[in-house]
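# Chain and residue survey
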Amino acid sequence: MITIDQLNEVVSTGKLQVPASMLQCVLDTVNSKEDCLTDLGLNECIIQLCQITAAQLLMSNLSGGRTVKSQGVDVISVSYQTETASTVQKAWYNQLATWGALDCFSDVISVPVGGPYAFAFVGVGCK
């Protein structure tokens, strides 16, 4: 089970901007999946990581992506490298899949915009 302090720490990184009034609902939602995660045989640390990752996914849907790419004046230029909401969501979604936890959150987490990442493996044989 994760705490409101842990969730606030995630939000304080500045990557997600979610109103404080929504944090408790996000927390309650991901914590309600603990029994399901335990039933999967995941250890306590992985369960917390799953809950934090799922919370980030939920909050990213609430806060959206960033669009600033660069700023500049005649002499000074500042560049920003940003990730779209879709890119970040796919990474978190795929991490939950790696842990086998997607089924526990399927009723509260949607497939990321543009679908999850797909991996293709090409095998080459030698003669």
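First, a word on what this report is: a plain description of the structure on this page. Just so it is clear, the model here is predicted, and its values are computed rather than measured.

Here the focus is the state of the cysteines. Two cysteines form a disulfide when their sulfur atoms are joined by a covalent bond. In this structure the tally under the stated criterion is one disulfide. Take Cys50: it sits in no disulfide, and the sulfur closest to it among the cysteines is that of Cys104, at 7.9 Å. Residue classification places Cys50 among the buried positions, given a relative accessible area of 0%.

The biggest cluster of nonpolar side chains holds 28 residues, and the ones touching the most others in it are Leu37, Cys50, Met59, Leu96, Phe105 and Ile109. Looking at this core, the elements that each hand over two or more residues are helix H1 (4-12), helix H2 (20-31), helix H4 (44-63), helix H5 (85-99) and helix H6 (102-105). Ranked by residues supplied to this core, first place goes to H4 with seven residues. Leave out the neighbours within four places in its chain, and Ile109 touches Ala54, Leu57, Leu58, Tyr93 and Leu96.

Under the defined criterion, the tally for this structure stands at one salt bridge. Put simply, Lys33 and Asp107 hold a salt bridge, and the shortest N to O gap is 2.9 Å. Of this pair, Lys33 sits in the loop between H2 and helix H3 (34-39) while Asp107 sits in the segment after H6, placing them 74 residues apart in sequence. Judged by relative accessible area, Lys33 falls into the buried class, the value being 11%. Here Asp107 falls in the exposed class, since its relative accessible area comes to 56%.

Conventions and cut-offs
- Residues numbered from 1 in each chain as written.
- Predicted model: local features only at pLDDT ≥ 70, side-chain atom pairs only at ≥ 80, totals over all residues.
- Heavy atoms only, no water.
- Disulfide = S-S within 2.5 Å.
- Buried < 20%, exposed > 50% of the residue type's maximum accessible area, 1.4 Å probe, protein only.
- Core = buried A, V, L, I, M, F, W, Y, C linked by side-chain atoms within 4.5 Å.
- Helix = DSSP H or I, 4+ residues; strand = E, 2+ residues; numbered from the N terminus.
- Contact = heavy atoms within 4.5 Å.
- Salt bridge = Lys/Arg side-chain N within 4 Å of Asp/Glu carboxyl O.

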